[in-house]
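Close look at the chain arrangement
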Amino acid sequence: MTPAYQLYIKSELLPCLGAADRHIRSTAGTIITVLVQLGGVSGWPELLQTLANCLESNDLNHMEGAMDALSKICEDVPQVLDSDVPGLVEHPINLFLPKLFQFFQSPHASLRKLSLGSVNQYIMLMPAALFASMDQYLQGLFVLAHDSAAEVRKLVCAAFVQLIEVNPSFLEPHLRNVIEYMLQVNKDSDDEVALEACEFWSAYCDAQLPLENLREFLPRLIPVLLSNMAYAEDDESLAEAEEDESLPDRDQDLKPRFHSSRFHGSDNAEDDDDDIVNIWNLRKCSAAGLDVLSNVFGDEILPTMMPIVQAKLSTTDDETWKEREAAVLALGAVAEGCITGLYPHLSEIVTFIIPLLDDKFPLIRSISCWTLSRFSRFVVQGIGHQKGSEQFDKVLRGLLRRILDTNKRVQEAACSAFATLEEEAAEKLAPHLEIILQHLMCAFGKYQRRNLRIVYDAIATLADAVGEKLNQPTYLDILMPPLIAKWQQLSNSDKDIFPLLECFTSIAQALGTGFSQFAEPVFQRCINIIQTQQLAKIDPASAGVQYDKEFIVCSLDLLSGLAEGLGSGIESLVAQSSLRDLLLQCCMDDDAPDVRQSAFALLGDLARVCPVHLHPRLSDFLNVAAKQLNTSKLKETVSVANNACWAIGELAVKVHQEVSPIVMTVISCLVPILQHAEELNKSLIENSAITLGRLAWVCPEIVSLHMEHFMQSWCTALSMIRDDIEKEDAFRGLCAMVRANPSGALSSLVYMCKAIASWHEIRSEDLHNEVCQVLHGYKQMLRNGAWEQCMSALEPPVKDKLSKYQV
């Protein structure tokens, strides 16, 4: 748009701020905000002056129009008003703030709401002007605390929650009054006000404020939270809970799903939300608040909570079912925080909940599934004795019954709860595999699309839990035919294939070589999907599908699962396919970090089991992997770097000297990573330390020349790694380097001793002997008390650990 047109639009907009029609004023405010977003305020000097004039005008239309525009600017681009503007002595927010505070006392609710909402937007940014007038702001909040307009009270609560999150010291002098107020509005007749107030309790606990202040309010707070945990009459879940399994899912019922790419390392566990439905409301916020309080105050909350819970659970009539449901939810909410106090009664609690799995109200059945899953660790621990074993059996069979419930909501809760129980019970599920598989595959046959995803998850979790115990003809005859039928029914471009690919990944890993009978068509289809998608990226018309990288990611991960499960048995499949070139293309996909992440995971897995097939493109793979470590955006693509680093190490131990051309390139990237360990993710540090060690093991003459640059940070990282085969490789590298260049480690000897002492036990006899030789070599090399001086710098536990190497 030409500057002349822009100027015209701007000049026509400003008079609209005072229009008699509210819709015109509001639309003008929205357009003004977009223009400010695009060009700031410095190129539109008339805007700030017009807004200021309107706010001073005493005409309600003008004041409301200006306030509406200002509040939208504060919401969308607050920093614009807190920055230098040519021609103004101070930041615009300094000029507007006094007027906004003045409007806190306006007789018009709309102006009180808009002005308070605008100031609240600056709590996070905290401009100097707001910091300086904090007392005035707080006084304003106390005045508005009992405002007749619910929307204003909601904003007061939001302000207190944000203040306690951003800078609790502002509220410390007033804490008792604020807590008392929040407790009152937590019972507000308006649910949205109560919800905003309810956020305060979790925020308070996170703010590291003295718990004493809150402790005395617990006997009054806990009953409020419990009362708010009952379903509200207008809760959408009440209508959804009536949905029968025969009703097909609508497309909008299917939540978007996200496949997390394969990751090699220790800390990529996604934190799954325990909650079963994702609309935030007063009930869920109250349960979350109770959960946080239980984690902070522990068993102290039980004397207040349990009598109320018991009273709610003792009701039996249909009218009070919501009270019973809320009581079961409360027990689940405090399951972690109050476990010590509940422990002596857990057997009774679980015994009480099991019959509720068959309650006539579907939402009681579903919450009972969830709460039992929260106690699953206790239920599994009891398997060792007869009573506990019987209880585990009842929980298991109860959840399996609910998996076949006719109600969709209950199916969902039961499947999720069962997956939690599976994770906790692991191989202890083996004796029950037949009945579990019969129920899961029956559900697989009758569920609608949305819940089908959760069955896939439960099947995959089962495979992860029991591993090779699943590899029995009886079990495979129940499990595989329905999955294969679904596999044949879905096309290569149907997104419903994602959870199936994920499910097969877990099954392939669990069955190991037992998956060979199913492997060929699965492998071939993954290759076809990747080929089609790579073509679709360039030419969707001739591919016949739209490009979607998730198809590639899921297929790569399933191929990794096959490599892990089949081991060298995958070699004949790889040999006859175009996988090597497809994989290299995926490793080079600069547009999609998650494709690269999964591609490098597969590269490492293939390096382990059939390196010979990577050989013709070895230098290409090594170069592209090294490139992932040498990037200015390392923090954003840390998972890609992590897998690439691991893959280089896996290749190195298989092809030995052939990695020598890229060794120094990789070392020069790994050293800065190790030197900035505290800023980066733990897994990348571990993999960097292991890969550096593996490169040193296969090319000690190259790596040892540069030892003194990295020994200290490398040994520190090595000492954090748990005992395993990868750590053994790294220490073989350490010993090889010391043999090649003994003086290179002299200045870091203390760190090396600590790294050696980090071993619980070196299982490999030859590595143990090599480490002994290294230590003895230094002891002989350091004469005239120098060795003793080095030893005196070590803590007693480190010295004790070193004694097993006879030094």
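As for helix H40 (residues 707-718)
All buried positions along H40 are accounted for by Met-707, Phe-710, Met-711, Ser-713, Trp-714, Cys-715, Ala-717 and Leu-718. In the core, the buried residues of H40 are packed alongside helix H37 (660-675), helix H38 (682-698), helix H39 (700-703), helix H41 (725-740) and helix H42 (749-757).

What to know about the packing of helix H27 (residues 473-489) against helix H29 (residues 516-538)
At a closest axis distance of 13 Å, the pairing of H27 and H29 adopts a crossing angle of 25 degrees. Taken together, the axes of H27 and H29 are roughly parallel relative to one another. The crossing of H27 and H29 is left-handed. Between H27, through Leu-476, Met-480, Ile-484, Trp-487 and Gln-488, and H29, the contact on the second element is made entirely by Gln-517, Phe-518, Pro-521, Val-522 and Arg-525. Class assignment for the residues of the contact of H27 with H29 results in 7 nonpolar, 2 polar and 1 charged.

Some points on helix H23 (residues 386-403)
Taking 1.5 Å of rise per residue, the 18 residues of H23 would be expected to cover 26 Å, and the 26 Å separating its terminal C-alpha atoms lies within 8% of that figure. For H23, the complete set of buried residues consists of Gly-388, Gln-391, Phe-392, Val-395, Leu-396, Gly-398, Leu-399, Leu-400, Arg-402 and Ile-403. Contact partners of the buried residues in H23: helix H20 (346-353), helix H21 (362-374), helix H22 (376-381), helix H24 (408-425) and helix H25 (433-446).

A short note on the packing of helix H11 (residues 175-185) against helix H12 (residues 191-206)
Where H11 meets H12, the closest approach of the two axes is 8 Å, and the angle between their N-to-C directions is 135 degrees. Of the possible angle classes, the one that applies to H11 and H12 is oblique. Note that H11 runs across H12; the crossing there is left-handed. When H11 is examined against H12, the residues Leu-175, Val-178, Ile-179, Met-182, Leu-183 and Val-185 are found in contact with a partner set consisting of Val-193, Ala-194, Ala-197, Phe-200, Trp-201 and Tyr-204.

Quick notes on the environment of Ala-599
The residue Ala-599 is located in helix H34 (residues 593-609) in this model. When its relative accessible area of 0% is taken as the criterion, Ala-599 is described as buried. When neighbours within four sequence positions are excluded, Ala-599 is seen to be in contact with Leu-556, Leu-583, Cys-586 and Cys-587.

So, the side chain of Ser-688
In this fold, Ser-688 is placed in helix H38. The exposure class of Ser-688 is buried, given its relative accessible area of 0%. If we ignore the near neighbours within four places in the chain, the residues touching Ser-688 are Cys-645, Leu-670, Ile-673 and Leu-674.

Quick word on the packing of aromatic side chains
Throughout the structure, instances matching the rule amount to 17 aromatic pairs. Taking the centre distance of 6.1 Å and the plane angle of 70 degrees together, the rings of Phe-160 and Tyr-181 count as edge-to-face. Pair noted here: Phe-160 is in helix H10 (residues 150-166) and Tyr-181 is in helix H11, with a separation of 21 residues, a long-range link. Residue Phe-160 is classed as buried on the basis of its relative accessible area of 1%. We classify Tyr-181 as buried; its relative accessible area is 9%.

Section: the confidence of the model for the chain
Here the chain averages 92 in pLDDT, and 96% of its residues register 70 or above. When mean pLDDT is taken per element in the chain, helix H7 (residues 109-120) scores highest with 97 and helix H15 (residues 236-240) scores lowest with 79. Long-range and interchain partners of residues 268-277, a stretch whose pLDDT sits below 50, account for 12 contacts in this model, where long-range means more than four residues apart.

Some details on the pattern of salt bridges
For the structure on display, the rule yields 45 salt bridges. Between Glu-151 and Lys-113 there is a salt bridge whose closest N-O contact spans 3.7 Å. Within this pair, whereas Glu-151 is found in helix H10, its partner Lys-113 is found in helix H7, the two being separated by 38 residues in sequence. Judged by its relative accessible area of 29%, Lys-113 falls in the partly exposed class. Measuring nitrogen to oxygen at the nearest pair gives 2.6 Å for the salt bridge that ties Arg-402 to Asp-358. Here Arg-402 is found in helix H23, whereas its partner Asp-358 is found in the loop between H20 and H21, with 44 residues between them in sequence. The class for Arg-402 is buried, based on a relative accessible area of 11%. Residues joined by salt bridges that share partners form a network here, namely Arg-608, Glu-650, Arg-694, Glu-726, Glu-728, Asp-729, Arg-732 and Asp-766.

The rules we used
Residues numbered from 1 in each chain as written. Predicted model: local features only at pLDDT ≥ 70, side-chain atom pairs only at ≥ 80, totals over all residues. Heavy atoms only, no water. Buried < 20%, exposed > 50% of the residue type's maximum accessible area, 1.4 Å probe, protein only. Helix = DSSP H or I, 4+ residues; strand = E, 2+ residues; numbered from the N terminus. Contact = heavy atoms within 4.5 Å. Axes fitted to C-alpha atoms, helices over the stretch in contact; angles between N-to-C directions. Parallel < 35°, antiparallel > 145°, perpendicular 65-115°, else oblique. Left-handed = near helix turned anticlockwise from the far one by under 90°. Nonpolar A, V, L, I, M, F, W, Y, C, P; charged D, E, K, R; others polar. Expected span 1.5 Å × (residues − 1). Phe/Tyr/Trp six-rings, centres within 6.5 Å; stacked < 30°, edge-to-face > 60°. pLDDT = per-residue confidence, 0-100. Salt bridge = Lys/Arg side-chain N within 4 Å of Asp/Glu carboxyl O.

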